[in-house]
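# Close look at the chain arrangement
The chain contents come next:
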Amino acid sequence: MVRYVENPPDARSLMTSARSFGNYDLAGALADLIDNSLKARARKVELSCFFNSGSPEVRVADDGHGMSAAELRAAMRPASQNPQEERSLDDLGRFGWGMKSASFSQCTRLTVISTKDGQTSGAVWDLDTLDNWRMGVLSNSEVADLASEPDERKSGTEVIWNGCDRLSENGTMSEVEFNALVAHTKNRLALTFHRYLSGEVRGRKLSMSLNGQPVEPYDPFHSHHNATQALPSEALAVGGKKIIIRPYVLPHYSKLRATDHDRLAGEEGFLKNQGFYVYRNHRLIIRGTWFRLVKYGELAQLVRVSVDIPNSLDDLWKITVDKSDAQLPAVLRTRLAQIVDGLRKRSARVNRSKGGRVSTGSRIAVWDRYARSGEINYHINRDHPLIATLLETGDGDERANVRTALLAIEQGFPVEALGRDAASRPDDIHQTEAQADRFRDFLETAVPIVLVQAGGNFKQLERKLRQTEPFCSNWVPVEEYLKHKGWVDAGS
């Protein structure tokens, strides 16, 4: 007969190990705390992250339903929730480690103050002075000293981090670097909780602020823009539950303001942000991945796909403790690969549709098309402002050299190769610039040349650009450039 004895873990060792659970950064750790606020039905969440002369302090306060002293004690208990237990449909937790592991990933002292039914209680774990499993319970006077708004909240919870060695990198982080980290965190939270912040969930907007500044929702699909292609959603049955797939193709940069384009591109650019965006109970957990179904590529950079999963499928998706990663179930791979293949072609058409045109009665293009005696010829338009300026400036030899170069380009037009590609691989032809920053660089060089053609007259410049390719087909960024330069009325 096997004999059993109790063999509990060492409290300080286990709690210190919790600092390495998951792969938290500041944004991920705060998101775990906000999850608890949402579970508590909070309408308002206020976050504070202050450098505090190299000893950072972080606070997260909400107006949720709060916790009694007994509930607070249970919430402070490590592994307070069994991941196998059935939970409410809007529960954003899983393991019962979230608040503790998220907090200790950034600090060594965790204080929680909560008010419910007019009664306030407080508790603290301090890894530097942890004695077995004895948790600190705060007196009323200690709570009053620590709370940011003592006796003012009818209900709610405030989490306080002190000893934030990871946020100061043990004293090596400067205040400028800390503030940059906080700014990055604000952007991440705006993305992670954008559905709550915009009012898509629960029929009301979540109010969130960071250091007194509102956190505005950032929709990675730009779904309200009239040029965004929001394709029909599809429900896939997995494990008796529904997973909702909805694809989007973002607008070409010519349809976007520079600020909107840059925000959609993010810090890493469109190439890194294409792919699946996985939401668990409307909260973003994974962004910009193809789950190795396809490779990242320029022609798919405008494709983003929302995937909504319920918390009842956590085990199937292998959701991690920090809720920052998951694995695509094998049963979904084939269908999602099919969806992605069609979307890449749509994205390619968005980029390709902005290709060059031939001149018409109303538009001046770079190329002219001539059909005579049964033959079709393409010639570079000598009246295009950029070409005309080259032909009008310089001495006679320089102008002759330009004409010779233009003839060489026309004579070398790859007719056969283009014909083969257009017949066999039309979706792969990609001639025009797909990167907004490169188009802006082009404007810096090209628009001043057209201004010369316009005789330095800004109104004439605008008229020429509105009827000349590629400017007229990309008018939104062109107009922003002109306003930035002060060459057109900013109010026009």
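The structure contained in this document is the topic of the report that follows. These numbers come from a predicted model, not from an experiment.

Conventions adopted
- Residues numbered from 1 in each chain as written.
- Predicted model: local features only at pLDDT ≥ 70, side-chain atom pairs only at ≥ 80, totals over all residues.
- Heavy atoms only, no water.
- Helix = DSSP H or I, 4+ residues; strand = E, 2+ residues; numbered from the N terminus.
- Buried < 20%, exposed > 50% of the residue type's maximum accessible area, 1.4 Å probe, protein only.
- Axes fitted to C-alpha atoms, helices over the stretch in contact; angles between N-to-C directions.
- Parallel < 35°, antiparallel > 145°, perpendicular 65-115°, else oblique.
- Left-handed = near helix turned anticlockwise from the far one by under 90°.
- Contact = heavy atoms within 4.5 Å.
- Nonpolar A, V, L, I, M, F, W, Y, C, P; charged D, E, K, R; others polar.
- Pairing = 2+ DSSP bridges.
- Phe/Tyr/Trp six-rings, centres within 6.5 Å; stacked < 30°, edge-to-face > 60°.
- Lys NZ or Arg CZ within 6 Å of the ring centre and 35° of its normal.
- Salt bridge = Lys/Arg side-chain N within 4 Å of Asp/Glu carboxyl O.
- Polar contact = N/O pair within 3.5 Å; in protein donor to acceptor, adjacent residues only side chain to side chain.

## Focus on unusual backbone geometry
Note that the residue after Glu-469, namely Pro-470, is joined by a cis bond; omega there is 0 degrees. Within the secondary structure, Pro-470 is located in the loop between α17 (458-466) and α18 (475-485). Here Asn-211, not a glycine, exhibits a phi torsion of approximately 55 degrees, which is positive. Along the chain, Asn-211 turns up in the loop between β7 (207-210) and β8 (213-214). By relative accessible area, Asn-211 is classed as partly exposed at 29%. If you check the backbone angles, Arg-292 has positive phi at about 65 degrees while not being a glycine. Along the chain, Arg-292 turns up in the loop between β13 (283-289) and β14 (303-309). Arg-292 gets classed as exposed once you look at its relative accessible area, which sits at 76%.

## Examining the packing of α17 against α18
Relative to each other, α17 and α18 sit at 165 degrees, their axes nearing to 11 Å. Between α17 and α18, the angle is such that the two are roughly antiparallel. Seen from above, α17 lies across α18 with right-handed handedness. For the pair α17 and α18, contact is made by Leu-461, Glu-462, Leu-465 and Arg-466 and by Trp-475, Val-478, Glu-479 and Leu-482, respectively. Residue composition of the contact of α17 with α18, grouped by class: five nonpolar, no polar and three charged.

## Let's talk about the pairing of strand β1 (residues 44-50)
A one-sided burial pattern is seen for β1, the buried positions being Val-45, Leu-47 and Cys-49 and the unburied ones Lys-44, Glu-46, Ser-48 and Phe-50. Sheet topology note: the β1/β7 ladder contains four bridges and is parallel. Bridged to Glu-46 within β7 is Ser-209. Pairing of β1 with strand β2 (residues 57-62), which is carried by six bridges, proceeds in the antiparallel orientation. Opposite Cys-49, over in β2, you have Val-58 as the bridge partner. Remark: six residues form the turn of the hairpin made by β1 and β2, two consecutive strands paired antiparallel; Asn-52 in that turn has positive phi of roughly 55 degrees.

## Notes on the environment of Gly-240
One can find Gly-240 in the loop between β10 (234-238) and β11 (241-249). Taking the C-alpha atoms as reference points, Gly-240 and Ser-312, separated by 72 residues in sequence, lie 10.0 Å from one another.

## A closer look at the packing of aromatic side chains
Overall, the coordinates contain 16 aromatic pairs when judged by the stated rule. Look at Phe-221 and Tyr-279: their rings are 6.4 Å apart centre to centre, the planes differ by 45 degrees, and that puts the pair in the tilted class. Within this pair, whereas Phe-221 is found in the loop between β8 and β9 (229-230), its partner Tyr-279 is found in strand β12 (residues 275-280), the two being separated by 58 residues in sequence. Relative to Phe-413, the ring of Trp-367 has its centre 5.4 Å away and its plane inclined at 65 degrees; by these criteria the two rings are edge-to-face. On the criterion of sequence distance, the pair formed by Trp-367 in strand β15 (residues 367-372) and Phe-413 in the loop between α14 (396-411) and α15 (415-424) is long-range, its members being 46 residues apart. Through a chain of ring-to-ring contacts, three or more aromatic side chains come together here, namely Phe-221, Tyr-248, Tyr-277 and Tyr-279. Positioned over the ring face of Tyr-279 is Arg-195, at 3.7 Å from the centre of the ring.

## Side note on the pattern of salt bridges
For the coordinates displayed, the defined rule picks out 17 salt bridges. For Asp-126, the salt bridge is made with Arg-109, and the minimal N-O distance between the two is 2.9 Å. With Asp-126 in strand β4 (residues 119-126) and Arg-109 in strand β3 (residues 109-116), this pair connects stretches of sequence that are 17 residues apart. The class of Arg-109 is partly exposed, set by a relative accessible area of 28%. A salt bridge links Arg-382 to Glu-410, with the nearest nitrogen and oxygen atoms 2.3 Å apart. With a gap of 28 residues between them, Arg-382 in the loop between β16 (375-380) and α13 (385-392) and Glu-410 in helix α14 connect regions that are remote in the sequence. Residue Arg-382 is classed as partly exposed on the basis of its relative accessible area, which comes to 28%. Because the salt bridges share partners, they merge into one network encompassing Glu-57, Arg-59 and Glu-158.

## Describing the environment of Gln-274
Summarising the element assignment, Gln-274 is placed in the loop between α10 (270-273) and β12. A residue is classified by how much of its surface remains accessible, and Gln-274, at 0% relative accessible area, is buried. The spacing of Gln-274 and Val-305 is 31 residues in sequence and 8.3 Å in space, taken between C-alpha atoms. What Gln-274 contacts, discounting residues up to four positions off in sequence, is Gly-288, Thr-289, Trp-290, Tyr-296, Gly-297, Ala-300, Gln-301, Val-303 and Arg-304. In this structure the side chain of Gln-274 is engaged in a polar contact, spanning 3.0 Å, whose partner is the backbone oxygen of Leu-271.

Geometric values such as these leave the question of function open.
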